[in-house]
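Here's the letter readout for the chains.
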Amino acid sequence: RWVDHVTPRGKTQSLEIYELLGSLNYPISETKIHTRPVFDRATQAWKKGNIKKALELFEAIARQNPSDQVSQYYIQRCGDALANTPSDASPQDVK
């Protein structure tokens, strides 16, 4: 699953970060496979700046899989983004 993009120190091009859903030593998480379509919609909403929608979708994932650390990470990020939105922001500023 896509997690984020980062720009390493001293570089100008960002790198995409992905989470492995399973490997030879760690079985594939069926819950993560099941919630992946919602996760993909949530990360798309995040990328587009639709923070409220992203939060709603990440919270839905967390209800199904409370141990999903990436969804928990984004719930925190969405909460932080919404908390840092100016109180006089127009509705289109906070999607």
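It should be noted that the structure appears before, not after, this text.
Presented here is an overview of the structure given in this document. (Residues numbered from 1 in each chain as written. Predicted model: local features only at pLDDT ≥ 70, side-chain atom pairs only at ≥ 80, totals over all residues. Heavy atoms only, no water.)

1. Looking at the overall build of the protein
Within the protein, the secondary structure is distributed over three helices and two strands. Ordered by position from N to C terminus, the α and β elements of the protein give β-β-α-α-α. Residues classed as buried in the protein amount to 29% of the 95 residues present. Put simply, of all contacts in the protein between residues at least 6 apart along the chain, 42% involve residues at least 24 apart. Accessible area of the protein: about 6,700 Å², with a carbon and sulfur share of 52%. (Helix = DSSP H or I, 4+ residues; strand = E, 2+ residues; numbered from the N terminus. Buried < 20%, exposed > 50% of the residue type's maximum accessible area, 1.4 Å probe, protein only. Contact = heavy atoms within 4.5 Å. Areas by Shrake-Rupley, 256 points an atom, 1.4 Å probe, with all protein chains shown as cover.)

2. Focus: the packing of helix H1 (residues 30–47) against helix H2 (residues 51–64)
Packing of H1 against H2 leaves a shortest axis separation of 7 Å and a crossing angle of 165°. By the criterion of interaxial angle, the relationship of H1 to H2 is roughly antiparallel. Where H1 crosses over H2, the handedness of that crossing is left-handed. On H2, the residues touching Thr 31, His 34, Thr 35, Val 38, Phe 39, Arg 41, Ala 42, Thr 43, Ala 45 and Trp 46 of H1 are Ile 51, Lys 53, Ala 54, Leu 57, Phe 58, Ile 61 and Gln 64. Classifying every residue of the contact of H1 with H2 gives 10 nonpolar, five polar and two charged. (Axes fitted to C-alpha atoms, helices over the stretch in contact; angles between N-to-C directions. Parallel < 35°, antiparallel > 145°, perpendicular 65-115°, else oblique. Left-handed = near helix turned anticlockwise from the far one by under 90°. Nonpolar A, V, L, I, M, F, W, Y, C, P; charged D, E, K, R; others polar.)

3. Notes on the nonpolar core
Among the nonpolar cores identified, the biggest contains 17 residues, and Trp 46, Ala 54, Phe 58, Tyr 74 and Cys 78 are the most heavily contacted of them. Looking at this core, the elements with two or more residues in it are strand E1 (2–6), H1, H2 and helix H3 (69–83). Looking at this core, the element that brings in the most residues is H2, giving seven residues. The contacts of Ala 54, once residues within four sequence positions are left out, are Ala 42, Ala 45, Trp 46 and Cys 78. (Core = buried A, V, L, I, M, F, W, Y, C linked by side-chain atoms within 4.5 Å.)

4. Section: the packing of aromatic side chains
Counted according to the given criterion, the structure contains four aromatic pairs. Between the aromatic rings of Phe 39 and Phe 58, the centroid separation amounts to 5.7 Å while the plane-to-plane angle is 75°, which identifies the pairing as edge-to-face. Of this pair, Phe 39 sits in helix H1 while Phe 58 sits in helix H2; the two residues are 19 residues apart in sequence, bridging distant segments of the chain. Across the pair, exposure class does not vary: Phe 39 and Phe 58 are buried alike. An angle of 80° between the planes, with centres 5.1 Å apart, marks the rings of Tyr 73 and Tyr 74 as edge-to-face. Its relative accessible area of 39% is what places Tyr 73 among the partly exposed residues. (Phe/Tyr/Trp six-rings, centres within 6.5 Å; stacked < 30°, edge-to-face > 60°.)

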